[in-house]
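Residues per chain are reported as follows:
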Amino acid sequence: MSRGIFGEENELMVQRRKNFEVIRALGFDPYPHKFDRTHTIAEIVRTYGRYAGAKPPEELERVNAELRQVAVRIAGRMMTTRLMGRAAFAHLSDGDQRLQIYIRSNEVSEREWQLYNHLDLGDFIGVEGYLFVTRTGELTIHVQRLHFLAKAFLPLPEKWHGLQDIEMRYRQRYLDLIANRASREVFVRRAQIIKEIRRFFDERGYIEVETPMLTPLATGAAARPFITHHNALDIDLYARIAPELYLKRLIVGGFEKVYELNRNFRNEGISTKHNPEFTMLEFYEAYSDYEDLMELTEELLTHLVRTICGSLVIEYAGNQIDFTRPWRRLTLKEAILLNWPETMPTPAPEDLDVPERLSAWLQAISGRCDPRWSPAQMLGKLFEHVAEEKLIQPTFVLGYPTELSPLAKQSEEDPTIVHRFELYIGGLEIANAFCELNDPAEQYRRFEQQMRLRERGDEEAMVMDEDFIRALGYGMPPTAGEGIGIDRLVMLLTNQRSIRDVILFPHMRPER
RNA sequence: GGGCCGUUAGCUCAGUCGGUAGAGCAUCGGGCUUUUAACCCGAGGGUCGCAGGUUCGAUUCCUGCACGGCUCACCA
């Protein structure tokens, strides 16, 4: 072993470097600038894949007479090779699909044959030749010219088992993508989901906007922010925790339907459901209420599930989830009572209004109850511990306490609760929506109440945003708004248990 | 941050009731012009995560640390 630019070099790497020098000595440009292709490998598979399949000799002869006319020039990474003396088979990958090539020493130049013999798995090559189907029925390119395109100095993961090491899959996602097709498919599907979401809102007259990621105040959600510093202005800035208050300013400004699909940042724990930066869809619609958003959410998600998964029933974490509308609606209290632990007697509904009982249950169920928590906070915690993970089928949860919803409009009948819902699917919180509070005086009082919580030590309580109050002062029409956690939605639609499996480069502690 | 579990060849994994380790793929040499986890013959490759401790002897037992996974707490 010796030190090199890749760290410790083992014999495999030394051998690859030797091969590279041989290829260079053969006169091949070690790093050519471009390679013109007639097809991608995926295009060849799509166009000519129907010729594949084992056939009787005379039919094979006929098919190959036809295919021989198809001259192709393709490129890819060499994934496997089977050298048999003076001929060889290999598989090339364009990332999406694989295609076999067949090369014979007497049908290429000696220099090209030498090149082939000094290639390593992982190298990029280009080939020119014609199509044929082998005796075993595999569509293959019969190579006439071979080109060297780029070197893989480091050995690839094993061809059969792929890359299993979870840490390496996250840290070196490029290796995961090369070795594990399933991983690639998750991210292709993620891109489809995001594209469909944009199409869905664009078609309904929404406009997509971009609001600041670096903000002077971290508002719009209850979370701790990342702090940075702007040198020229000499001010601290916060990575946004939510775009909410900016989007409502745009409603004030006369954009009646807006959405933003982008990253939020929260300086909190990492788990299978949390990444410090995560993708959030937020959308706001003037003159609508949260009932309309429940309709819209059902429409959006059933459209996505049908388009992406091909069925309204999908499997997630061992459960069948049925998206057939309409979805169940429960109040927060109903959700708690319906999912009450079997080991404890179910309380009467009015018991959930008794603070002493709430704290006793919370202590018993979660093992922790902070005396500073208000009854509303305790109710929220109780829901999280008792009900959340059991809400497998799509469920709208309603009846949230006003105190837990400082930006939402109160119910006309009961000002202690707000017109808000959260959507739970597969035990995951997917969406949060409400009628937007547009009374500046009430909003001011809510901010004041949040600041009192903050003074009591609640670091996640919201801060006062005076410009937002001023914006509301110019008048905001009745509006409903919603946020949807895209990473979790992608988890659901790709059947992944960990948010890290749907984020290309999840955050990790640095290697040492 | 707490608890539990993991870290052995480039990769995927065995294994050692404490006596310094094996397989498959990959690599190297030889054979092979329709193979496909190609095949046949031969070979090399490891400070068993790091640092201490116990021991005649530690990859194995103990402690600490690092990184990761699950989980609890915080949160979406």
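On a predicted model such as this, the values are computed, not experimentally measured, just so you know.

Mapped onto the fold, Arg16 is located in helix α1 (residues 11-25). Although Arg16 is buried, it forms no salt bridge, and the closest oppositely charged side chain is Asp120 at an N-O distance of 4.5 Å. Ignoring anything within four residues of it in the chain, the contact list for Arg16 reads Asp120, Leu121, Lys151, Ala152, Phe153, Leu154, Pro155 and Leu156.

Let's shift gears to the pattern of salt bridges. For the coordinates displayed, the defined rule picks out 37 salt bridges. Of the charged contacts, one joins Glu112 and Arg145 as a salt bridge, the two residues approaching to 3.0 Å between their closest N and O atoms. Residue Glu112 is located in helix α4 (residues 110-117), and its partner Arg145 is located in strand β7 (residues 139-150); the two are separated by 33 residues in the primary sequence. Owing to a relative accessible area of 4%, Glu112 belongs among the buried residues under this scheme. Of the charged contacts, one joins Asp370 and Arg372 as a salt bridge, the two residues approaching to 3.2 Å between their closest N and O atoms. Taking the relative accessible area as the measure of exposure, Asp370 reaches 15% and is therefore buried. Here the residues in one salt-bridge network are Arg169, Arg173, Asp176 and Asp501, joined through shared partners.

Below, the discussion takes up the protein's contact with RNA strand B. Neighbouring residues of RNA strand B: 58 residues in total, closest Arg104, Thr136, Lys159, His274 and Arg488. For RNA strand B, the backbone makes up 64% of the atoms found within 4 Å of the protein, where backbone means sugar plus phosphate. One of the backbone nitrogen or oxygen atoms of Glu158 is found 3.0 Å away from a sugar or linking oxygen of RNA strand B. Within the backbone of Asn275, one N or O atom sits 2.4 Å away from a base nitrogen of RNA strand B. Ranked by the residues each element gives to the surface near RNA strand B, the list is headed by helix α5 (residues 166-171), at 5 residues. Residues of the surface near RNA strand B, tallied by class, amount to 19 nonpolar, 17 polar and 22 charged.

Each value, and the rule that gives it
Residues numbered from 1 in each chain as written. Chains lettered and ligands numbered in written order. Predicted model: local features only at pLDDT ≥ 70, side-chain atom pairs only at ≥ 80, totals over all residues. Heavy atoms only, no water. Helix = DSSP H or I, 4+ residues; strand = E, 2+ residues; numbered from the N terminus. Buried < 20%, exposed > 50% of the residue type's maximum accessible area, 1.4 Å probe, protein only. Lys, Arg positive; Asp, Glu negative; His and termini not counted. Salt bridge = Lys/Arg side-chain N within 4 Å of Asp/Glu carboxyl O. Contact = heavy atoms within 4.5 Å. Near = heavy atom within 4 Å. Polar contact = N/O pair within 3.5 Å; in protein donor to acceptor, adjacent residues only side chain to side chain. Nonpolar A, V, L, I, M, F, W, Y, C, P; charged D, E, K, R; others polar.

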